[in-house]
Amino acid sequence: MRLFLWNAALTLLIPCLSGALIPEPEVKIEVLQKPFICHRKTKGGDLMLVHYEGYLEKDGSLFHSTHKHNNGQPIWFTLGILEALKGWDQGLQGMCVGEKRKLIIPPALGYGKEGKGKIPPESTLIFNIDLLEIRNGPRSHESFQEMDLNDDWKLSKDEVKVYLKKEFEKHGAVVNESHHDVLVEDIFDKEDEDKDGFISAREFTYKHDEL
């Protein structure tokens, strides 16, 4: 009887819990200007040169502008590796040179509960972003994703070793475990800048040619 009551309670409770799930936060994207011809669209791993203005949604105040606060110079950043805000990584995919977008970024994809500088905690942000140029990233974002077996945005020594083994086998080379161990240690010595035992997406994207 007790088991029946538990099953009945779960049957009633599960739909309620499902209906109460909090939706994932999303960036609202408004295309303000788009070129007539688009030769290339942005994707993860691309370097983007942009001008931008950032505003607080609550009062419309400007907190940063590359036109005013960066000696009038645009900035470069790499898309898709959490180098800027999560909201930028979401909202600037598939963009063309000459395109201008307005992004409305919720706190969870901005500066969250902590805030930053002039940005109070839990602030919704508005960005007007002009894309001036796209270049290939120093390293392939796709390669990083292929190596990052557990999708935690960092590479362990085991993940790098697995990747090296596959590359050696792909090219018909003999797999030498001790040689791989030495190579992995050398790679981490050069690329693990903060010496935390992992190669982050940023460390990988901006670094060398071993991988």
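Provided above is the structure to which this section pertains.
Cut-off values and rules
Note that residues are indexed from 1 along each chain, following the sequence as it is written. A pLDDT threshold of at least 70 governs which residues receive local features in this predicted model, and a stricter bar of 80 or more applies before side-chain atom pairs are shown or counted, although totals over entire chains, interfaces and linings include all residues. The basis for every side-chain value is the complete set of heavy atoms in the structure, and neither hydrogens nor water enter the calculation. Secondary structure elements follow DSSP: runs of H or I no shorter than four residues count as helices, runs of E no shorter than two count as strands, and numbering proceeds from the N terminus. Relative accessibility thresholds used throughout: buried, under 20% of the residue-type maximum; exposed, over 50%; partly exposed, between the two (1.4 Å probe, protein chains only). Surface accessibility in these figures is a Shrake-Rupley result with a 1.4 Å probe; residues are shielded only by whichever protein chains are displayed. For this analysis, residues touch if any pair of their heavy atoms sits within 4.5 Å. Whenever a nitrogen or oxygen atom comes within 3.5 Å of another N or O atom, the pair is scored as a polar contact, on the condition that within protein one atom can donate a hydrogen and the other can accept it, and that pairs from neighbouring residues in sequence are kept only if both atoms are in side chains. Space inside and on the surface of the protein is sampled on a 1 Å grid over the protein atoms alone, with a cavity defined as a set of points where a 1.4 Å probe fits but cannot get out and a pocket as an open set with protein on both sides within 12 Å along at least 5 of 7 lines; lining residues have an atom within 4 Å of a point. Grid points are joined across faces, edges and corners, and a volume is the space filled by probe spheres set on the points. Note on definitions: salt bridges are taken to be side-chain nitrogens of Lys or Arg within 4 Å of carboxyl oxygens of Asp or Glu.

Draft legend 1. Structural context of the overall build of the protein. When helices and strands are tallied, the protein shows 7 helices and 8 strands. Residues classed as buried in the protein amount to 34% of the 211 residues present. For the protein, the exposed area adds up to about 13,100 Å²; of that, 55% sits on carbon and sulfur atoms.

Draft legend 2. Region of interest: the environment of threonine 66. In this structure, threonine 66 sits in helix H2 (residues 66–69). Threonine 66 sits in the buried class, given a relative accessible area of 0%. For threonine 66 and glutamate 53, which are 13 residues apart along the polypeptide, the C-alpha to C-alpha distance reads 6.7 Å. For threonine 66, the contacting residues outside a window of four places in its chain are Val50, His51, Tyr52, Asn71, Gly72, Gln73, Pro74 and Ile75. At 2.6 Å, the side chain of threonine 66 and the side chain of histidine 51 are in polar contact.

Draft legend 3. Examining the layout of surface pockets more closely. Volume-wise, the largest pocket comes out at about 320 Å³. Residue lining of the largest pocket: 16 residues in total, with Tyr52, Ala84, Leu85, Tyr111 and Lys116 positioned closest to the centre. Among the elements of the structure, strand E3 (62–65) and strand E4 (75–78) are those that each provide at least two residues to the lining of the largest pocket. If you tally residues by element for the lining of the largest pocket, the top one is E4, at 3 residues.

Draft legend 4. Inspection of the environment of alanine 108 at higher detail. Here alanine 108 lies in the loop between strand E5 (100–105) and strand E6 (125–135). Residues alanine 108 and threonine 124 lie 16 residues apart in sequence; the distance between their C-alpha atoms is 8.7 Å.

Draft legend 5. Expanded view of the pattern of salt bridges. Applying the stated criterion across every chain, the model contains 7 salt bridges. Of the charged contacts, one joins glutamate 99 and arginine 101 as a salt bridge, the two residues approaching to 2.7 Å between their closest N and O atoms. According to the relative accessible area criterion, glutamate 99 is buried, its value standing at 0%. We classify arginine 101 as buried; its relative accessible area is 7%. Across the pair lysine 157 and glutamate 185 runs a salt bridge, and its minimum N-O distance is 3.1 Å. Note that lysine 157 is positioned in helix H5 (residues 157–170) and glutamate 185 in helix H6 (residues 177–191), a separation of 28 residues in sequence. By sharing partners, the salt bridges in this structure join Arg40, Lys43 and Asp46 into a single network.

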